Structure formats: structure tokens, C-alpha cells
Amino acid sequence: MTAVATRSRELEAVRRDAADCRRCDLYRHATQTVFGEGRPDAPLMLVGEQPGDVEDEEGRPFVGPAGLLLREILTEIGVDERRLYVTNAVKHFKWKPKGARRIHDKPNWTEIRACDHWLRLELAHVRPKLVVCLGATATQALLGREARVTALRGRVVDVPELEEPVLVTIHPSAVLRAGDRRHEMRAQLVSDLAIARDALRAPDALRH
Ligand code: URA
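Since we're looking at a predicted model, the values are computed, not measured.

(A) Seen up close, the site of the ligand. Around the ligand, the neighbouring residues are Gly-48, Glu-49, Gln-50, Pro-51, Gly-52, Glu-55, Pro-61, Phe-62, Asn-88 and His-171. Contact between the ligand and Glu-49: an oxygen atom at 2.7 Å from a main-chain N or O atom of the residue. In isolation the ligand has 240 Å² of accessible area, and contact with the protein removes 93% of it. One can see that the ligand is located within the largest pocket. Taken together, the residues that form the shell around the ligand break down as three nonpolar, five polar and two charged.

(B) Here's a closer look at the pattern of salt bridges. Evaluation of the coordinates by the stated rule reveals 20 salt bridges. For Arg-186, the salt bridge is made with Glu-72, and the minimal N-O distance between the two is 2.6 Å. With Arg-186 in helix H8 (residues 182-201) and Glu-72 in helix H3 (residues 65-76), this pair connects stretches of sequence that are 114 residues apart. The class for Glu-72 is partly exposed, based on a relative accessible area of 43%. Overlapping salt bridges bring together Asp-53, Asp-56, Glu-57 and Arg-102 as one network.

(C) Quick look at the nonpolar core. Membership of the largest hydrophobic core comes to 61 residues, with the highest contact counts inside it found for Leu-44, Leu-46, Val-47, Val-132, Leu-142, Val-166 and Leu-193. Residues contacting Leu-46, with those up to four places away along its chain left out, are Leu-70, Leu-74, Leu-84, Tyr-85, Val-86, Thr-87, Val-132 and Leu-134.

(D) Focus on empty space enclosed by the protein. Following the criterion strictly, the structure yields one cavity of 30 Å³ or more and no others. In this structure, the largest cavity encloses a volume near 50 Å³. Looking at side-chain class alone, the lining of the largest cavity contains six nonpolar, one polar and three charged residues.

(E) Region of interest: the packing of H3 against H8. Taken N-terminus to C-terminus, the directions of H3 and H8 make an angle of 55 degrees; their axes are 10 Å apart at the nearest point. Taken together, H3 and H8 sit at an angle that is classed as oblique. By crossing handedness, the relation of H3 to H8 is classed as right-handed. For the pair formed by H3 and H8, the contact residues are Leu-69, Leu-70, Glu-72, Ile-73, Leu-74 and Glu-76 on the first element and Arg-186, Leu-189, Val-190 and Leu-193 on the second. Here the contact of H3 with H8 is built from residues that sort into seven nonpolar, no polar and three charged.

(F) A look at the packing of helix H1 (residues 3-19) against helix H4 (residues 109-126). In the contact formed by H1 and H4, the axes pass within 10 Å of each other and the chain directions differ by 170 degrees. Between H1 and H4, the angle is such that the two are roughly antiparallel. In contact with Arg-7, Glu-10, Leu-11, Val-14, Asp-17 and Ala-18 of H1, H4 contributes Trp-118, Leu-121, Glu-122, His-125 and Val-126. A per-class count over the contact of H1 with H4 returns six nonpolar, one polar and four charged.

(G) View of the pairing of strand S5 (residues 101-104). Here four bridges tie strand S4 (residues 95-98) to S5, and the two strands are oriented antiparallel to one another. When the bridges of S5 are listed, Lys-98 appears paired with Arg-101. Counting the residues that bridge the hairpin from S4 to S5 gives two residues, and of these Gly-99 lies at a positive phi of roughly 60 degrees.

(H) Focus on unusual backbone geometry. The phi torsion at Phe-62 lies on the positive side, around 55 degrees, for a residue other than glycine. Among the secondary structure elements, Phe-62 is positioned in the loop between helix H2 (53-58) and H3. Residue Arg-127 is not a glycine yet carries a positive backbone phi of 50 degrees. By secondary structure assignment, the location of Arg-127 is in the loop between H4 and strand S6 (130-134).

Parameters and conventions
- Residues numbered from 1 in each chain as written.
- Predicted model: local features only at pLDDT ≥ 70, side-chain atom pairs only at ≥ 80, totals over all residues.
- Heavy atoms only, no water.
- Near = heavy atom within 4 Å.
- Polar contact = N/O pair within 3.5 Å; in protein donor to acceptor, adjacent residues only side chain to side chain.
- Areas by Shrake-Rupley, 256 points an atom, 1.4 Å probe, with all protein chains shown as cover.
- 1 Å grid on protein atoms, 1.4 Å probe; cavity = no way out; pocket = protein on both sides within 12 Å on 5 of 7 lines; lining within 4 Å.
- Sits in = over half its atoms within 2 Å of the grid points.
- Nonpolar A, V, L, I, M, F, W, Y, C, P; charged D, E, K, R; others polar.
- Salt bridge = Lys/Arg side-chain N within 4 Å of Asp/Glu carboxyl O.
- Helix = DSSP H or I, 4+ residues; strand = E, 2+ residues; numbered from the N terminus.
- Buried < 20%, exposed > 50% of the residue type's maximum accessible area, 1.4 Å probe, protein only.
- Core = buried A, V, L, I, M, F, W, Y, C linked by side-chain atoms within 4.5 Å.
- Contact = heavy atoms within 4.5 Å.
- Points joined across faces, edges and corners; volume = space filled by probe spheres on them.
- Axes fitted to C-alpha atoms, helices over the stretch in contact; angles between N-to-C directions.
- Parallel < 35°, antiparallel > 145°, perpendicular 65-115°, else oblique.
- Left-handed = near helix turned anticlockwise from the far one by under 90°.
- Pairing = 2+ DSSP bridges.

Have a look at this one:
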């Protein structure tokens, strides 16, 4: 069996384990665990916050409105989807009711820590060359509770206790919610993701 096939099998085993996750209470009100998706040997791992309403139903990360914007931008800047592994810091949809709708509710630190187990396993198996944190939750999950997107945005940083260098940027949902600033925020996300693309094209700039 090739190294990639082995990694793929191991990752599948982790995915199966995660399907029964009870590490925190979020599973109680979510439809299913939404595990990461993509190449098991992807050079670029994108980490979002948590699945949204659409992702919860479909069981796949970033297939709702934020995912559409993200994929649109990646296509625009020439990042091939086949080079990606896409996942979330938290694997269950956290929501609160608003009328008949389910509204996103931000995961708390305990929930982020509980789910860290799965994110670390994904990192250990995929071993990407670069990790992109999309928004505050992913940034805190990988860089610590005090880490702030505003302070770290748009550059590749080394993180203690993490093999892979990390680039922090805003979440595509923040662009969708930005109102008058939507154009400006989109441009920020585009330029940060272009930095990630360029870092991968010049692998000497990365540690491995
Ligand atoms: N937002 C996220 O952070 N992740 C998803 O999968 C969808 C929306």
C-alpha cells in the first residue's frame, strides 16, 4: 500500500471514531459530526470555526454560503481544490433557535478544547505544509486562547508545539456579514489567501 493510501485509511478510521464523539455536549443538538475533507496528503489545510446549518445537514465542511465564497476566492487566486484539506476547529454545529430557524452560536473555550483532539489527529495524519486559520475560533484553537486575528492576520507564523507554520486570516462569514465593508473585507481575505498560495509555491519559505 502506498504512503498516501495508508494515510487515507488512517484518517478514515479517525473519521469513524469522530462520528460517535461525545467529548462535549454539542452532539446532543447537532445532526452529525462534520469531519474534515480533502486529500489526506494535502499541502494546505484550511481550518474554519464549526459547521453551519447547511454543513450540519450535509455532513460536509464549508458547503454553505461561507464555503461558496471561500471556494470562489480560491478558484480566483488559482488554488487547486485538490491541494486542500478543509476542516473545522469544532466538529458539531452549535446553534440556538430563532423562530423556526437555527442560528449559529459561537463555540466556547471548553468546546474548542474538547474538539482539539480531532483537529490534532487530522494534523498528525495529513501533515500539511501550511495551515490557514479562518477566523477567531480556529486561531484560538491552534494559537491559544489569547491569540487575536487582528494582531496576526496575513503572515506566516511559527507556533510552539505545532509542526506546521500557520497563517491567520478572517473568516469568510465575516465577509458575508460585513455590509458596507464587504468589498474591503473580501479583498483582505483574498490577499491573505494569496500569501498562503505563494508560501506554498516557494516551499523553502516554509520550514518543511
Ligand atoms: N463556517 C465554518 O467555519 N465552517 C464551515 O464548515 C461552514 C461555515
